[in-house]
Amino acid sequence: MIERIEQLSYEQFHERNTNEYSSWLTNDINLIEEQGFANFYRAISSATLLLLSAIAIFKFHWLLLAVSLVLSVLMMLIPKLFKQALEGNTARMSKSFEKYTATIDEWFKGFDTLYHYNHTQLLSQKLAGVIIGVKEEKQRLKKTQGMMYTAIRSSSVIAQYAIILVTGLMILAKKLSAGTIFAIGDLTGNFFGNTSFFIDEVTNFISALKISDKIDEALIYDEVTIKANQDYSFTRKITVTDVSYQFPEVTVKIPDMVFEKGKKYAIVGKSGSGKSTFLNILMKNYRDFTGVIQVDNQSLQRIDDDELKYHWAYVSQKATIFDLSLVANLTLEEDVDDDRLTKVMRDMILNEVSFDKQQALGVQGANISGGQAQRVELGRALLHTQDLLIIDEGTSGLDPKTAQLIEETILAEPDLTVIFVTHHLNSSLSHYFERIYSFSK
Ligand SMILES: Nc1ncnc2c1ncn2[C@@H]1O[C@H](COP(=O)(O)OP(=O)(O)OP(=O)(O)O)[C@@H](O)[C@H]1O
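What counts and how
- Residues numbered from 1 in each chain as written.
- Predicted model: local features only at pLDDT ≥ 70, side-chain atom pairs only at ≥ 80, totals over all residues.
- Heavy atoms only, no water.
- Domains from an automatic or database assignment.
- Contact = heavy atoms within 4.5 Å.
- Salt bridge = Lys/Arg side-chain N within 4 Å of Asp/Glu carboxyl O.
- Polar contact = N/O pair within 3.5 Å; in protein donor to acceptor, adjacent residues only side chain to side chain.
- Axes fitted to C-alpha atoms, helices over the stretch in contact; angles between N-to-C directions.
- Helix = DSSP H or I, 4+ residues; strand = E, 2+ residues; numbered from the N terminus.
- Left-handed = near helix turned anticlockwise from the far one by under 90°.
- Nonpolar A, V, L, I, M, F, W, Y, C, P; charged D, E, K, R; others polar.
- Buried < 20%, exposed > 50% of the residue type's maximum accessible area, 1.4 Å probe, protein only.
- Pairing = 2+ DSSP bridges.
- Core = buried A, V, L, I, M, F, W, Y, C linked by side-chain atoms within 4.5 Å.

Asker: Explanation requested: the domain arrangement of the chain in the structure shown.
Answerer: A common way to express how large an interface is: the accessible area buried when the components associate. What the domain assignment reports for the chain is domain 1 (2-218) and domain 2 (237-439). Just the C-alpha atoms count here: the centres of domain 1 and domain 2 sit 51 Å apart. Taken together, the contact pairs 4 residues of domain 1 with 7 residues of domain 2. Here domain 1 is connected to domain 2 by 0 salt bridges. At the boundary of domain 1 with domain 2, the tally comes to 2 residue pairs in polar contact (both at pLDDT 80 or more).

So, in structure tokens, the structure goes:
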């Protein structure tokens, strides 16, 4: 499952909330394990005991075994009556777990805000609903399972009586000795008991497999139809002509622009004017745009995604920090040139963060400040990019002096092409920019 997720494109991954993936990997895996694999192994054990009882019944008379087998086949039809309800309940339980995980994550992440507004009581209000939802779905599933078990157990008792009756008739017909009736009672008890266990276990196993089918089906995507050209080249310029992007509710129109290699560009514009949308198009996160973006002489769509990601880097306003050491956060555990790493750490003033080389920065950067996190994010991009650095408000969390220092360092890089999106263009840096593009709604 994780390997399939690794292969998703940006748009495919973002079709669903990250909590849905978390729920698959926690709740659904548990459900598959508890209801699926545990039942699979139990079914093997029941089948073995069933076989041993069948051999013993056969030793008395083949006819008794034949009737037992016919009755057990009839018993196996019972789950069909519950199949739809059982699969529906299992699927609904998995959905309710997804909602539960998403709600817990959302409201616990908002704890600080609720705390400062004296509204932490919202936690129990919001979580109560989803907890009750999970409980109700669990009860529904248990109820359906219970009804199925009762039907199977009852049919098992009826089948035992039927065999005892057949045995009685065979004794009267002098085909079996009178004492057989006592032994056959025990044997058929075992035989039909294990048949009913076997049926329960196989039915539950199959309905658990439906969850894994649901995940598999959710992760099936058509291949990207546009054939990528492996040869990446950006030696001259990127041109953007007549580009627009259609969201369900709004069409975002992007102004025509040219970005020459090695030069620096600023993009300014009102909130909602389409700056981030453009950057997402340029990074190939949003593929279905209209218009033309050429990189040297190739259309952007034809450039291989991995090549593009290798050469271009994108820094957003929101720093992503992993619970790894500073160096691992910068390198993403890749081998990098030591001199380059040292330069990036110096340029992004990161030596102050490096309290201890091994110390992790905390989950979502809990052990460092917001400004430090942004510098780590910028440092990671500088370390990974060869050609183009796109910064979307990536210095907004820094104090003005540090922001200017960092921005100047980046803008002074001679070979790097920089696209710098900002709401607050520092006039003392204007001379670095070849052009300032203005987006309007
Ligand atoms: N995922 C989305 N789904 C639907 N509409 C979206 C989505 N992302 C952006 N939009 C819409 O597209 C328009 C452009 O948004 P975009 O985020 O590109 O603006 P922006 O210039 O980057 O704004 P800001 O400066 O506030 O970050 C807005 O009207 C926004 O509501």
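Asker: Explanation requested: the packing of helix α12 (residues 338-347) against helix α13 (residues 370-384) in the structure shown.
Answerer: Contact geometry for α12 and α13: axes closest at 9 Å, N-to-C directions at 145 degrees. Read as a crossing pair, α12 and α13 show a hand that is right-handed. Between α12, through R340, L341 and V344, and α13, the contact on the second element is made entirely by G379, L382 and L383. When the residues that make up the contact of α12 with α13 are grouped by side-chain class, the tally is 4 nonpolar, 1 polar and 1 charged.

Asker: Looking at this structure, I do not really get the environment of L411. What am I missing?
Answerer: Among the secondary structure elements, L411 is positioned in helix α14 (residues 400-411). L411 gets classed as buried once you look at its relative accessible area, which sits at 4%.

Asker: Explain the pairing of strand β3 (residues 257-260) here, please?
Answerer: For a regular strand, side-chain orientation follows a simple rule: the groups alternate between the two sheet faces. Only one face of β3 is buried, namely the one carrying M257 and F259, since none of V258 and E260 on the opposite face is buried. Relative to β3, strand β1 (residues 237-246) runs antiparallel, the two being bridged by 4 bridges. Bridged to I238 within β3 is F259.

Asker: Is there a simple way to think about the nonpolar core in this case?
Answerer: Generally speaking, soluble globular proteins have nonpolar side chains that are buried together. Core analysis: the largest hydrophobic core is formed by 36 residues, its most contacted members being L64 and F192. Taken together, the elements giving at least two residues each to this core come down to α3 (18-60), α4 (62-75), α5 (78-109), α7 (121-172) and α8 (180-218). In this structure L64 touches I57, I163, V166, T167, M170, L176 and I184, once residues within four positions along its chain are discounted.

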